[in-house]
Amino acid sequence: MEVNTTTGSVDNPFYFSATEMRFSREHKEHYYLYRVYTLKQSGQQADVTLLHGSLEGLSADPICY
């Protein structure tokens, strides 16, 4: 299970590593990413969506830090 939080909308890009991409591909039946977005500065309100399986379906490139 991974959690990724951003202050932007669900349409804004978010970052994940090449390791996360590989893990999601190798363990797709057990991989869950909780995407928390539109997080308010107070930390009191946000929206959440759940992605299950490989991150390969996302139109994004993994990055390394």
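Above this text you will find the structure in question.
Residue positions are counted from 1 within each chain, in the order its sequence is given. Owing to the predicted nature of the model, reporting of local features is limited to residues with pLDDT of at least 70; listing and counting of side-chain atom pairs is limited to 80 or more, with chain, interface and lining totals taken over all residues. Hydrogens are left out, water is left out, and the side-chain values use all remaining heavy atoms of the structure.

### Quick word on unusual backbone geometry
Residue T38 is not a glycine yet carries a positive backbone phi of 50°. Checked against the element boundaries, T38 lands in the loop between β2 (32–37) and β3 (47–52). Only DSSP runs of H or I with at least four residues qualify as helices, and only runs of E with at least two residues qualify as strands; both kinds are numbered from the N terminus onward.

### Structural notes on the pattern of salt bridges
By definition, a salt bridge exists where a carboxyl oxygen of Asp or Glu is found within 4 Å of a side-chain nitrogen of Lys or Arg. In this structure the tally under the stated criterion is one salt bridge. Between R25 and E56 there is a salt bridge, with its nearest N and O atoms 3.3 Å apart. In this pair, R25 is assigned in helix α1 (residues 18–26) and E56 in the segment after β3, connecting sequence segments 31 residues apart. Under the scheme applied here, a residue whose accessible area is under 20% of the maximum for its type counts as buried, over 50% as exposed, and between as partly exposed, the area being computed with a 1.4 Å probe on protein chains only. Given the relative accessible area of 35%, R25 is considered partly exposed. For E56, a relative accessible area of 46% puts it in the partly exposed group.

### What to know about the nonpolar core
In this structure, F14, F16, M21, Y31, L33 and L55 together form the largest nonpolar core, which totals six residues. Whether two residues are in contact is decided by their heavy atoms: any pair within 4.5 Å suffices. Leave out the neighbours within four places in its chain, and F14 touches N4, T6, L33, R35, L51 and L58. Residues belong to one nonpolar core when they are buried, are Ala, Val, Leu, Ile, Met, Phe, Trp, Tyr or Cys, and are joined through side-chain atoms within 4.5 Å.

### Remarks on the side chain of T6
In this fold, T6 is placed in the loop between β1 (2–5) and α1. Sequence-distant contacts of T6, defined by excluding residues within four places in its chain, comprise F14, R35, V36, Y37, T38 and L39.

### Re the sheet that holds β1
With mixed pairing, three strands are arranged side by side in an open sheet as β1-β2-β3. Each of the sheet's edge strands pairs with one partner strand only, and the pair in question is β1 and β3. Recorded for the sheet is a direction-independent mean angle of 20° between the axes of neighbouring strands. A pair of strands counts as paired when DSSP detects no fewer than two bridges linking them. Pairing analysis gives six bridges linking β2 to β3, with the strands arranged antiparallel. Across the sheet, the residue bridging to Y37 is D47, located in β3. Orientation is described by lines fitted to C-alpha atoms, with helices fitted over the stretch in contact, and by angles between N-to-C directions that extend from 0 to 180 degrees.

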